[in-house]
Every structure is written in C-alpha cells, then in structure tokens.
Amino acid sequence: WIAFPFFIMYAIAVLGNITLLLVIKTDPSLHEPMYLFLAMLAFTDLVLSTSTLPKMLAIFWMGSGKIGFVSCLVQLFFIHTFSSVESGVLMAMALDRYVAICRPLSHSSILSVTVVVALGAMVLIRGVLLVTPTCFLIHRLPFCHHHIISHSYCEHMAVVKLSCGDTRVNAIYGLFAALLVVGSDTFLITVSYALILREVMKSPTEAPRKAFSTCVSHICVILAFYVPALFTFLTHRFGQSIPPHIHIIVANLYLLIPPTLNPVIYGVRTKKIRDRVLLL
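What you see is a predicted model; the values in this text were computed from it and never measured. (Residues numbered from 1 in each chain as written. Predicted model: local features only at pLDDT ≥ 70, side-chain atom pairs only at ≥ 80, totals over all residues. Heavy atoms only, no water.)

Q: Explain the nonpolar core to me, please; I cannot follow it from the model alone.
A: When a protein is soluble and globular, its nonpolar side chains tend to lie buried together. Counting residues in hydrophobic clusters, the biggest one holds 46 residues, and the most contacted among them are Leu38, Leu41, Leu90, Met93, Ile189, Tyr193 and Ile196. Residue contributions to this core peak at 13 residues, all from helix H3 (residues 69–102). (Core = buried A, V, L, I, M, F, W, Y, C linked by side-chain atoms within 4.5 Å. Buried < 20%, exposed > 50% of the residue type's maximum accessible area, 1.4 Å probe, protein only. Helix = DSSP H or I, 4+ residues; strand = E, 2+ residues; numbered from the N terminus.)

Q: I'm lost on the environment of Phe4 in this one. Help?
A: With respect to the element layout, Phe4 can be found in helix H1 (residues 3–26). Under the relative-accessibility criterion, Phe4 is labelled partly exposed at 49%.

Q: What am I meant to see in the packing of aromatic side chains here?
A: Here the distance between the centres and the angle between the planes together describe a pair of aromatic rings. Evaluated as defined, the whole model comprises 10 aromatic pairs. A connected cluster of aromatic rings, assembled from ring pairs, spans Phe43, Phe77, Phe78 and Phe82. (Phe/Tyr/Trp six-rings, centres within 6.5 Å; stacked < 30°, edge-to-face > 60°.)

Q: Explain the pattern of salt bridges here, please?
A: For side chains bearing opposite charge, pairing can occur when the charged atoms are close. For the structure on display, the rule yields 4 salt bridges. Measuring nitrogen to oxygen at the nearest pair gives 2.9 Å for the salt bridge that ties Asp185 to Arg126. Note that Asp185 is positioned in helix H7 (residues 168–202) and Arg126 in helix H5 (residues 113–139), a separation of 59 residues in sequence. Here Arg168 and Asp166 are joined by a salt bridge, their closest N and O atoms 2.9 Å apart. Look at Asp166 and you get partly exposed, because its relative accessible area is 45%. (Salt bridge = Lys/Arg side-chain N within 4 Å of Asp/Glu carboxyl O.)

Q: Teacher, can you tell me more about the state of the cysteines here?
A: Note on terminology: disulfide describes a covalent bond linking the sulfur atoms of two cysteines. Tallied over the entire structure, the rule returns 2 disulfides. With its sulfur 2.0 Å from that of its partner, Cys72 forms a disulfide with Cys154. Between Cys72 and Cys154 the sulfur-sulfur dihedral comes to about -125°; the bridge is accordingly left-handed. Note that Cys72 is positioned in helix H3 and Cys154 in the loop between H5 and helix H6 (156–160), a separation of 82 residues in sequence. Pair check on accessibility: Cys72 and Cys154 agree, each one buried. (Disulfide = S-S within 2.5 Å.)

Q: Looking at this structure, how should I read the side chain of His107?
A: Here His107 shows up in helix H4 (residues 107–110). A relative accessible area of 16% places His107 in the buried class. Among the polar contacts made by the side chain of His107, one reaches the side chain of Asp96 at a distance of 2.8 Å. Once you skip the residues sitting within four places of it in the chain, His107 turns out to touch Pro33, Asp96, Val99 and Ala100. (Polar contact = N/O pair within 3.5 Å; in protein donor to acceptor, adjacent residues only side chain to side chain. Contact = heavy atoms within 4.5 Å.)

Q: Explain the environment of Leu119 here, please?
A: Within the secondary structure, Leu119 is located in helix H5. When its relative accessible area of 23% is taken as the criterion, Leu119 is described as partly exposed. When the C-alpha positions of Leu119 and Ile138 are compared, they lie 29 Å apart, and in sequence the two are 19 residues distant. Discounting residues that sit within four places of it in the chain, Leu119 has contacts with Phe37 and Leu111.

Spelled out as structure tokens, the structure:
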C-alpha cells in the first residue's frame, strides 16, 4: 500500500515538471534567467525522481528486488550527480534573486542567457566530477558477504557498507564531496538572502518588498530539499539509534518531495506561469 502515495507523487512530479518545461520553452516571454533556472530545476527533478521511483515501484508491486552491480553504480551516479545539480541550481536561483532585487538595473547584463547557460553547465560539470570518483572507489571494493542493500535504491553509503574491505577512503571522500556541495551552496544562499533582506529593510520604496515576495516560493523549495537531505546525510553517519525504516522513508521522500512540490509551488506562486498554464 505504501507504493500508492509514492506513485501519486511521482505522477504529479512527472506531469508538473514536464508542463513547466513545455510552458517555459514555448513562451518567449519566459526566456529570462529566473525561468531558465526553473527549467533546469524541472529537468533535474525529472532525472532525480525517475532514477529511483520506477525501480522502487517494481520492488513494491512486482517483487523485483534485484539490481546488477553496474546498474546499481549507474543509479548511484545519477542520484548523487543530480542531487548536487539541484543544490547548485537552487544556489544559482538565490543569486538571481539577489541581482534582481539589489542590482535591478544591471540584472539583464549580469545574468544574460549566456551566463545562465554557463552557470548551469558549471553546476552539472561539478556534479559529474565529484560523483564519478565515488563510483570508481566503490568498484574497487571487495564484496564477499551478503549483497542485500537495506535501502530501496543504491545510495552511496548503503552500498559501501556491504563491502568486506577497507571503506575509510570511500567514507572520507563521500563526506568531503557532500560537505563541499552543501557547504558552499548553503553559504552562498544564506549570504544572498541576508543581502536581500538588508536591501529590503533599508529601502524606502515598495519595489524591493514586492520583489522579495517572489523569494518566498524559492525559500520553500530550498527547505523542502535541504531539510530531508541533511537528515538523510547525518543519519547515515551519526544516527545509529534512528530506526532503519524511518531513515529509508525520509531518504525516499528527499528524492521525491522536491520534484513533486517544485512545479506546484512555482505554478501557483508565479503569475506568468500560472496564467500560461491556465491558458493551455
């Protein structure tokens, strides 16, 4: 029965994010930095949810509880690469809001389409470069005991814990990569919103305050992604007292709640997108 709410959330995620991509692609007035970043976020959400949910539903409904070692590494690569990409896109969206509110006259020159595409490419390259060594480090490990992952998808530490060899390098590198991504992105997001708040508080006009209202949806998306992500990350290393089923459910929701909520939040909160969807 637990697969049914997961399936409904996955269906909403696929339909909502494809709708966002089509709306942004077909409407030239939406070819602006904020909406281009939103299109990147929608594509990332599609990859993240599709990397896990089809196999998860096959486990629940068809008892398909097997996955090949190479397929497991491929799934691991896509999950962790695009988790890093999602974090980077959220950071880029925070920078976009900072420029739009604090430097409105220079927004189009600072964040041109070329710069937006370059930021997206850099975020993707960063994810690939950080996660690829993880797959090679796992591939060199010996697996001589049981091969049952206590998870519904191939998560990095869940796979590493199956090895009967020395996994310290894997654990250290995984911690380094995660802290590098989350630490740098959350720092830049925090600084961006601190500067935005300062600008809003000291401004005598209403324009920055109205612009700041557009940040509310972005803050909701950030919290929906980082809170369960940090819980999952910390539980693997320091939460031995937390029941495994709680950890697994939260880990699944961390990859499913943001892709489900993002199109709903932005579709409702963003007037241009809402009007375009209603028109369609």
